[in-house]
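Close look at the chain arrangement
Chain by chain, the residues run as shown.
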Amino acid sequence: MLQQELAPHVGDITRALQGKIQQEQVEAELQRYLDFGVPLAQAKRDIVRNYGGKLAPASVAKKLRDVGPHDGSVDFVARIVTVNPKQVTARGEQRTIYFGLLGDETRVLPYTAWRDFQLQKGQTVTVRSAYVTEWRGEAQVNLGERASIQPAEQDLTPDALGPRAAQEKHLAELRGGIPAVTVTARVLKVQQREVQVDGKPKALWSGDLADPTGKVRFTAWKDFKIEEDAVVRVQNAYTRSWRGMPDLNLGDSTVVEVLSSDALPPRSQLQVARLLPIGELEELGGGADVLLEGTVLEVKKGSGLIFRCPECKRVLQKSECRLHGKVKGTTDLRVKAVLDDGTGALTIFLPRETVENLLGKSMEQCQEMAKEAMSPDVIEEELVQRLVARPMRVTGNATSDDFGLMLIASRADVLQPQGSRQQAEQLLGTLEVS
Amino acid sequence: MAREVAHRVFAAEFNQANLQVTEGGERAPSFVVTPLGARVNRLLVMGVLTSLEKTGKEGDMWKARISDPTGQFTLYAGQYQPEAAKALGELRPPALVAVVGKSRTYNPEPGVVLVSIRPERIATVSREERDHWTVDAGKHTLRRLECTAAALDMAEPTPDALVQMGYPRDMAEGVIQAIQHYGKPELAAYRAMVRDALEAVVTGRAPDRPPALPPPARGAVTTIRAPAPTAPGVAPAAPGEDPEAAEDAKLQAEERVAGLVRTLDDGKGAPWEGIVADAAKTGLSESDVEEAINRLLDKGIVYEPVLGRLKPT
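Structural notes, computed from the coordinates. Numbering of residues begins from 1 in every chain and follows the order in which that chain's sequence is written. Chain A is the first chain written and ligand 1 is the first ligand written, with later ones labelled in order. Two thresholds apply to this predicted model, a pLDDT of at least 70 for residue-level local features and 80 or more for giving and counting side-chain atom pairs, whereas whole-chain, interface and lining totals are computed over all residues. The basis for every side-chain value is the complete set of heavy atoms in the structure, and neither hydrogens nor water enter the calculation.

1. Thoughts on the environment of G103 of chain A
Here is the rule we go by: A helix here means a DSSP run of H or I that spans at least four residues, while a strand means a run of E at least two residues long, and both kinds are numbered starting from the N terminus. Throughout, a residue-residue contact means that at least one pair of heavy atoms, one from each residue, lies within 4.5 Å.
Position of G103 of chain A among the secondary structure elements: in strand β4 (residues 93-103). When near neighbours in sequence (up to four residues on either side) are disregarded, G103 of chain A contacts L64, A78, R79, V81, V108, L156 and L161 of chain A.

2. A word on the packing of helix α6 (residues 352-359) of chain A against helix α8 (residues 377-387) of chain A
Residues and elements named next belong to chain A. Stated precisely, the cut-off is as follows: To obtain an axis, a line is fitted to C-alpha atoms, over the contacting stretch when the element is a helix, and the angle between two such axes runs from 0 to 180 degrees between their N-to-C directions. Roughly parallel here means an angle under 35 degrees, roughly antiparallel means over 145, roughly perpendicular means 65 to 115, and every remaining angle is called oblique. Here a crossing is taken to be left-handed if its near helix is turned anticlockwise relative to the far helix by less than a right angle, and right-handed if that turn runs clockwise. Residues are sorted three ways: Asp, Glu, Lys and Arg are charged, Ala, Val, Leu, Ile, Met, Phe, Trp, Tyr, Cys and Pro are nonpolar, and all the rest, Gly among them, are polar.
Contact geometry for α6 and α8: axes closest at 11 Å, N-to-C directions at 70°. What the angle tells us is that α6 and α8 run roughly perpendicular. α8 is crossed by α6, and the crossing has left-handed handedness. Of α8, the residues touching α6 (which contributes V355, L358 and L359) are I379, E382, L383, R386 and L387. Among the residues forming the contact of α6 with α8, the class breakdown is six nonpolar, no polar and two charged.

3. Description of unusual backbone geometry
Formally: A 1.4 Å probe rolled over the protein chains alone gives each residue an accessible area, and that area as a share of the maximum for its type sets the label: buried under 20%, exposed over 50%, partly exposed in between.
Backbone torsion omega between P93 of chain B and P94 of chain B reads 0°, so that peptide bond is classified as cis. Along the polypeptide, P94 of chain B turns up in the loop between α2 (82-89) and β8 (95-106). Positive phi, close to 55°, is recorded for K225 of chain A, a residue that is not glycine. Residue placement: K225 of chain A occurs in the loop between β12 (214-220) and β13 (231-242). Non-glycine residue M374 of chain A carries a positive phi angle of around 60°. Inspection of the secondary structure puts M374 of chain A in the loop between α7 (363-373) and α8. Taking relative accessible area as the criterion, M374 of chain A reaches 76% and is therefore assigned exposed.

4. Here we look at the packing of α7 of chain A against α8 of chain A
Helix packing for two helices is described by the angle between their axes and how far apart those axes are. Residue and element names in this part refer to chain A. Axis separation between α7 and α8 bottoms out at 8 Å; the angle between their running directions is 115°. Every residue of α8 that contacts α7 at C366, M369, A370 and A373 is listed here: V378, I379 and E382. Residues that form the contact of α7 with α8 fall into these classes: six nonpolar, no polar and one charged.

5. Thoughts on helix α8 (residues 272-281) of chain B
Residues and elements named next belong to chain B. Defined as follows: Think of it as the arc spanned by the lines of direction from the helix axis to the C-beta atoms.
Taken as a whole, α8 has its buried residues at I275, V276 and A279. Buried positions in α8, seen along its axis, are confined to an arc of 95° and lie on one side of it. Turned more than 90 degrees off the buried face of α8, the exposed positions are E273 and K281. Of the residues flanking the end of α8, it is G283, one or two places downstream, whose phi is positive at about 90°.

6. Observations regarding the side chain of N249 of chain A
Residue and element names in this part refer to chain A. Convention followed: Whenever two N or O atoms come within 3.5 Å, that pair is a polar contact, provided that in protein one can donate a hydrogen and the other can accept it, and provided that, for residues adjacent in sequence, both atoms are side-chain atoms.
Counting through the fold element by element, N249 comes out in strand β14 (residues 245-250). Of the polar contacts made by the side chain of N249, one reaches the backbone oxygen of D247; its length is 3.0 Å. Ignoring any residue separated from it by four or fewer positions in sequence, one finds N249 in contact with T219, W221, A237, Y238, R240 and T254.

7. Topic: the interface of chain A and chain B
Threshold: Between Lys or Arg on one side and Asp or Glu on the other, a salt bridge is scored when a side-chain nitrogen of the former is within 4 Å of a carboxyl oxygen of the latter.
With 37 residues of chain A at the contact, the number on the chain B side is 38 residues. Across the chain A-chain B interface, the total number found is four salt bridges. With its nearest N and O atoms 3.3 Å apart, the salt bridge here joins E298 of chain A to R121 of chain B. On inspection of chain A and its partner chain B, the count reaches 11 residue pairs in polar contact (both at pLDDT 80 or more). Secondary-structure elements contributing two or more residues to the side of chain A that touches chain B are β3 (84-90), β6 (124-135), β16 (287-299), β20 (330-340) and α9 (420-433) of chain A. Tallied by class, residues from the side of chain A that touches chain B come to 16 nonpolar, 10 polar and 11 charged.

Now the structure itself:
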């Protein structure tokens, strides 16, 4: 057996012995066992046992079709289809993990690499000692501390890869990172754009899709001849996450079929946003054009009249920009608040026009008031008075980042709760029945 | 990191709670779990402010009572809740108010458990807004009742099984914890409580009798420290990361240290070493104490007349 082929097994033994003996010594020892004709698995077990260690369960070579959540340790050869880095905080430490898809001729599966294996997109690798978990009903390959990865002898071409089972979903159920999904939706908008890929211009198509449950942005990496207003069945697309908002991607393996236009309600009905509990939005991580209703629990500092950096639009602190230092700020009016509906909470940002509507005053009038009071705080105080503890309905795009879930409102209304009595009566009715 | 949601819970249900759960490390958020499984770290209540008094050894603490159609919430606000204390100072009962706050449990004497609210924000509200809250609290309570009933129908209820039925994860975990701790709740009595509250909205009059719930459970607060549940495929959240919980822990440390400064002050000020030694008995490290003192100095709650001695202002 070649030294190169032996390397992962030497690694297994060294790890099992936690550095009690040097790698070179392990290598020599293992070679000696093999020279005596001892089978590899037995040799490994016995060497470890001789030094008082315990070998992890023997890894089994499998095809991806055959792996399942019960597999504690599997070996396979696969092509790395995608690699995405992701920042996570674990035990107070920032670190980078990698996730994506890998596949062999039987199946393509999502994976998570818990440390940096220097995975390259398009590379074919021999994976040893991976483990498999289940995540949202699908097997997920994990490359953990015990895993080892070597370049494979033979490359798997993209065409040779097996299928991945696409799940049929409503748009409201989409979240980032679904490897294969099928949706039926009406095209609300589509436009062609040009982007630079590896220094070369490449055409792509993007826009909005809607079904009765919600809306989603899409990006098509080739021309699927998608037309505005058409009802399409998009098979085998995948989703990416942009700050928690799903983006439906139509790639090489995607198939688009045009359905009859009456397969879904007309555009006018699909554009009505659906009221979403905030708790559900938290689980989704974000969404395009969502409608939320809750109570304003807090109007945060930095609401009311503020100054922004003319360069980067960041909010100034003591007339200083975090990036550009001391600058002459431009005035703006906004609200940063917490909206909570009892199922979840998020930060909402209301831009100038929305705040002007809520106050019934223009920004100029606010500036006048601030000048008279000799403090911009009067506007913030008025906003606190008007908004805290009031029920509010907002529409906008919700995204999430390290600071949690947030929504930039395209519309916000303080609700005048009048129907409470009727609602109470209605609920009482259902109580009598049960 | 997600902000803790503000639960809508009626006073009668909240006051029955005597289970406290902390999931994760020292500074993980803690929840008061009600008999119907609301895991309350933060809550939003609206009702009538019926009484307001100064209390505490120094008379620097507000104690307030807020009535909803089912019972009364108790609030304590001191110098550590400046906004809420200021708002209370400007109110005269009776007044319709909204309170956002954190849940607290007290063991004033062995065998007695009291739950209260430490307010973060207080605002006055209209009758319509209060009614809106009452209906909202009714809806949330009915949903928990439904989830509890579903759990009781199962031979071996688990959070996962409830999640599969469409209940939110947090509610499912709470309901299972509640059943394990309190046993089978009197569903009919809670349903009657919701009915009375909703009738109060319809008629505009408070119910003429308190809800017939079993008497508040007596006994010590049961605190469970459970490992935080983690979702597969997601790196486990490290304990001690939650900024809200960290802030809670800091406030508690400040309150304890401020108390020690008062008790150890012999006129010349409380000696630093004495504070550290006594604080250690309550589980605070020297660096915790140092941080708490610095924050108390910043807030002007204590001052240092001579180096190494602290006095309350």
